[in-house]
Amino acid sequence: MNIVLLDGHSINPGDLSWKPLEGLCDHFTVYERTAPEDIADRIKDCEILMTSKCFITRDLMKGAPKLKYIGSTATGYNNINIEAARDLGIAVTNIPAYSTEAVAQHAIALMLELTNQVGLHSESVHAGEWTDCEYFCYWKKPVTLLAGRSLGIIGYGAIGRRVGKIAEALGMSVNVHSHDRQATVTSDFVTLHCPLTAENAGMINRAFIKEMKPGAFLINTARGGLVNEADLAQALNDGTLAGAAVDVLSSEPPAADNPLLHADNCIITPHIAWAPREMRRRVIDVLAGNLMDWRNGGTLNRVEIGPAD
């Protein structure tokens, strides 16, 4: 059995072992990353394909006649043409809920950074501004108390629920979009934890922002495509929103002209919410478990869609 993993660097840049997968095949080929133009050649002879971000189209699947199984190395699988896989008899699996604690932690960290501006003030101190200050304290931007504030959660799965629990422990009230849309949209903070679909792509746009509470904050640790980045940048630059913190962008890495890179009061981290070593080790273990189960005729973490017409 021949396994090809197209983008292994993000999972294992060298601090983990591939042994759980190596023991399940005759040949295991890991590419650190794969450009779109190289995918076809790299998968043409493989039986098992694994990837996180490469777009696997119907044509690519047809060009790999031995392909029997695609393992998404992430929870999201919008980069894989699931309908084509079904039509061609190719099984597809994903890794659900592996990073709940890590992503929830990062969402809260982004919220705290927006309200306490820890990084900004640390940089200020290291630049000598406290040494030169005549007062015992100062702040570059207002520090905001979370207790008594409201958090609106869009996407109330495992991660959304965990974020809500932590927020409540901080003294915040929690509004859930599927339960009360109006209260959620008009919360002091709105955080995104829903999958990206054709229906909700760009949902955070000018019209949505207009409904939000003036001076609110937006947090996105879900998918960059949920946000119309030009509209969000405009809302930040004109002061409609007080700030935003995102771990994901519509294109990763971002283009140099991505409007959020130059927007006011916008914190951006490079898609690291999922990335603690413990989570990446779990990815490898679940990949191996999914594959082993499929080989034994099982459907563990199988991605399914309805029958073809």
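Residues numbered from 1 in each chain as written. Predicted model: local features only at pLDDT ≥ 70, side-chain atom pairs only at ≥ 80, totals over all residues. Heavy atoms only, no water.

Draft legend 1. Structural context of the nonpolar core. Leu192, Met212, Leu218, Leu232, Leu236, Leu241 and Leu260 are the most contacted members of the largest nonpolar core, which totals 25 residues. Of the residues forming this core, the biggest block, 4 residues, is contributed by helix H10 (residues 229-237). When sequence neighbours within four positions are dropped, the list of residues in contact with Leu241 reads Ile209, Met212, Lys213, Gly215, Ala216, Leu232, Ala235 and Leu236. Ranked by size, the runner-up nonpolar core spans 24 residues in total, among them Ile3, Phe28, Ile95 and Leu291. (Core = buried A, V, L, I, M, F, W, Y, C linked by side-chain atoms within 4.5 Å. Buried < 20%, exposed > 50% of the residue type's maximum accessible area, 1.4 Å probe, protein only. Helix = DSSP H or I, 4+ residues; strand = E, 2+ residues; numbered from the N terminus. Contact = heavy atoms within 4.5 Å.)

Draft legend 2. Summary view of the pairing of strand E1 (residues 2-5). Neither face of E1 is open: one carries Asn2 and Val4, the other Ile3 and Leu5, and all of them are buried. As paired strands, E1 and strand E2 (residues 27-30) are joined by 4 bridges and run parallel to one another. Note on E2: the bridge partner recorded for Leu5 is Val30. For E1 and strand E3 (residues 48-51), the ladder comprises 3 bridges, and the chain directions are parallel. Residue pairing in the sheet places Val4 in a bridge with Leu49 of E3. (Pairing = 2+ DSSP bridges.)

Draft legend 3. Quick look at the sheet that holds strand E7 (residues 173-176). One open sheet accounts for 6 strands, arranged E7-E6-E8-E9-E10-E11; its pairing is parallel. Both outer strands of the open sheet, E7 and strand E11 (266-268), are each paired with one neighbouring strand and no more. On average, each strand axis in the sheet is tilted by 15° relative to the strand beside it, whichever way the strands run. Relative to strand E10 (residues 243-246), strand E9 (residues 217-220) runs parallel, the two sharing 4 bridges. In the sheet register, Leu218 faces E10, and the bridge partner there is Ala244. Docked against the sheet, helix H5 (residues 100-116) engages strand E6 (150-154), strand E8 (189-192), E9, E10 and E11, running at close to 150° with respect to E9. (Axes fitted to C-alpha atoms, helices over the stretch in contact; angles between N-to-C directions.)

Draft legend 4. Examining the packing of aromatic side chains more closely. Across all of its chains, the model carries 3 aromatic pairs by this definition. When the centroid spacing of 4.8 Å and the interplanar angle of 10° are considered together, the rings of Phe189 and Phe217 count as stacked. Separated by 28 residues along the polypeptide, Phe189 in strand E8 and Phe217 in strand E9 bring together distant segments of the chain. Each of the two residues, Phe189 as well as Phe217, counts as buried. Geometry around Tyr31 places Arg42 over its ring, the cationic atom sitting 3.9 Å from the centre. (Phe/Tyr/Trp six-rings, centres within 6.5 Å; stacked < 30°, edge-to-face > 60°. Lys NZ or Arg CZ within 6 Å of the ring centre and 35° of its normal.)

Draft legend 5. The arrangement of the environment of Pro270 in detail. Note that Pro270 resides in the loop between E11 and helix H11 (277-295). The exposure class of Pro270 is exposed, given its relative accessible area of 65%. Along the primary structure Pro270 and Asp132 are separated by 138 residues, whereas in three dimensions their C-alpha atoms are 33 Å apart.

Draft legend 6. The environment of Ser72, seen in detail. Structurally, Ser72 can be placed in strand E4 (residues 69-72). A residue is classified by how much of its surface remains accessible, and Ser72, at 1% relative accessible area, is buried. Residues Ser72 and Leu287, spaced 215 residues apart in sequence, show a C-alpha to C-alpha distance of 8.2 Å. Among residues more than four places away in sequence, those in contact with Ser72 are Thr51, Tyr77, Ile80, Thr93, Asn94, Ile95 and Leu287.

Draft legend 7. Structural detail: empty space enclosed by the protein. Scanning all chains against the criterion turns up 1 cavity of 30 Å³ or more. Considered as a void within the structure, the largest cavity measures approximately 30 Å³ in volume. Around the largest cavity, the lining residues are Asn220, Gly224, Val227, Glu229, Val246, Val248, Leu249 and Leu260. For the lining of the largest cavity, the per-class residue count stands at 5 nonpolar, 2 polar and 1 charged. (1 Å grid on protein atoms, 1.4 Å probe; cavity = no way out; pocket = protein on both sides within 12 Å on 5 of 7 lines; lining within 4 Å. Points joined across faces, edges and corners; volume = space filled by probe spheres on them. Nonpolar A, V, L, I, M, F, W, Y, C, P; charged D, E, K, R; others polar.)

Structural measurements only, silent on function.
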